Amino acid sequence: MFVGRRSLAAQRRGRYVAGSAAHPARMAPDLATALIEDYTRPGDLVLDPLAGTGTTLVEAVHAGRNALGVEIGPGWVALVRSNLAHARGHGVAGHGRVIRGDATRLPAGIPIELRGQVNLVLTAPPLAPTMPVQRAGRGRVPFVDGMAAALAGCVPLLAPGGVIVVVSRPWRHEHHLVDQPGLVVAAAVAAGLELIDSRRAVHARIRDDRFVARHASSAVTGDRRATPVGWLQHDDIAILMSRDVS
Ligand SMILES: C[S@@+](CC[C@H](N)C(=O)[O-])C[C@H]1O[C@@H](n2cnc3c(N)ncnc32)[C@H](O)[C@@H]1O
């Protein structure tokens with residue numbers, strides 16, 4: 001899929017409050033919208049357990065879906081609330097809310113009436129070797145362990161036929177690319193999920209018959225001077241389903 005017809009700045013302009021630019025790894029809004037439209041219908045419920053600035057939630061409510069987010073960082077939670085209030089100011093049809101919490105402890109913290117109601121989990125993991133958690137004595141866990149716990153915790157929340165969509169990309173660490181999409185699939189398998197499809201989002205447009213690439217996110221994924229590889233221009237998209245939900 002092509003999602004780079006508009007620059008990231010143009011995709012966000014007027015839709016997100018000013019502080020959102022401070023987040024280091026935001027999803028492209030046009031990618032979130034395309035995936036929400038592909039996997040849900042108006043009125044459906046979309047969950048992002050790693051909400052960040054709330055791109056999934058904001059684009060969901062603009063598309064007439066309802067949205068729920070979980071985010072561990074109190075500052076980001078406040079930002080998501082501001083972004084959702086901003087969307088409400090535009091008269092969006094969907095309802096959105098965010099809960100401060102630890103995705104690796106899901107479904108804990110989610111209102112019981114929402115179990116079995118989520119039609120789409122749309123999320124993007126942190127670009128880091130570990131994930132922060134809220135547990136006594138443990139501030140962080142290895143990425144695959146944390147991601148597997150978060151994905152497994154989403155399963156009881158899924159409606160019949162619900163899918164989990166994880167957007168990721170390789171990131172650079174000490175001159176090497178870390179295969180984050182591969183780690184996501186490893187986490188999904190550990191969580192008992194099945195990879196039912198694999199897609200790519202190319203952030204590019206055609207101008208004067210020429211292919212013009214854009215970078216995939218606002219994230220600076222490591223030391224850009226360390227290798228001749230420039231900004232990443234694609235996202236990997238894993239489409240996952242629980243073997244228990246049909
Ligand atoms: C890649 S960012 C998501 C960005 C988001 N898609 C956006 O467009 O703004 C990942 C987010 O996961 C959050 N996070 C990391 N570990 C978490 C956990 N255990 N529970 C909840 N949120 C967590 C981070 O604080 C970060 O904001």
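Residues numbered from 1 in each chain as written. Predicted model: local features only at pLDDT ≥ 70, side-chain atom pairs only at ≥ 80, totals over all residues. Heavy atoms only, no water.

In the annotation of an unreviewed UniProt entry, the entry for the chain reads Methyltransferase, and the organism field reads Virgisporangium aurantiacum. In its Sequence similarities (unreviewed entry) section, UniProt records this for the chain: "Belongs to the N(4)/N(6)-methyltransferase family." (UniProt positions renumbered as here; feature names shortened; annotations may be inferred.)

Let's shift gears to the overall build of the chain. Counting its regular elements, the chain contains six helices and 13 strands. Relative to its length of 246 residues, the chain is compact, with a C-alpha radius of gyration of 17 Å against a globular reference of 18 Å. For the chain, the spread of C-alpha atoms along the three principal axes comes to 50 × 40 × 35 Å. Considering the chain as a whole, with its 246 residues, one finds that 50% of them fall into the buried category. Total accessible area computed for the chain in this model is approximately 11,100 Å², and 53% of it derives from carbon and sulfur atoms. For the chain, the distance from the average site of its 28 positive side-chain charges to the average site of its 20 negative ones is 6 Å. (Helix = DSSP H or I, 4+ residues; strand = E, 2+ residues; numbered from the N terminus. Rg over C-alpha atoms; globule rule 2.2 N^0.38 Å. Buried < 20%, exposed > 50% of the residue type's maximum accessible area, 1.4 Å probe, protein only. Areas by Shrake-Rupley, 256 points an atom, 1.4 Å probe, with all protein chains shown as cover. Lys, Arg positive; Asp, Glu negative; His and termini not counted. Charge placed at Lys NZ, Arg CZ, Asp CG, Glu CD.)

Reading across from one edge, 3-2-1-4-7-13-10 is the order of the seven strands in this open sheet, with mixed pairing throughout. In the strand order of this sheet, the two ends are held by strand 3 (96-100) and strand 10 (193-202), each with one partner. Neighbouring strand axes in the sheet, compared pairwise and without regard to direction, differ in orientation by 20 degrees on average. Strands strand 4 (118-123), strand 7 (158-168), strand 10 and strand 13 (234-242) of the sheet are contacted by helix 2 (residues 29-39), whose axis makes an angle of about 155 degrees with strand 4. (Pairing = 2+ DSSP bridges. Axes fitted to C-alpha atoms, helices over the stretch in contact; angles between N-to-C directions. Contact = heavy atoms within 4.5 Å.)

Among the 23 residues in the neighbourhood of the ligand, the closest are listed as Met27, Thr53, Thr55, Glu71 and Pro132. In this structure, Thr53 approaches the ligand through a side-chain N or O atom, which is 2.6 Å from an oxygen atom. Between Glu71 and the ligand, the recorded distance is 2.6 Å, taken from a side-chain N or O atom to an oxygen atom. Burial of the ligand by the surrounding chains reaches 95%, relative to a free accessible area of 600 Å². Of the residues assigned to the shell around the ligand, the class counts are 13 nonpolar, seven polar and three charged. (Near = heavy atom within 4 Å. Polar contact = N/O pair within 3.5 Å; in protein donor to acceptor, adjacent residues only side chain to side chain. Nonpolar A, V, L, I, M, F, W, Y, C, P; charged D, E, K, R; others polar.)

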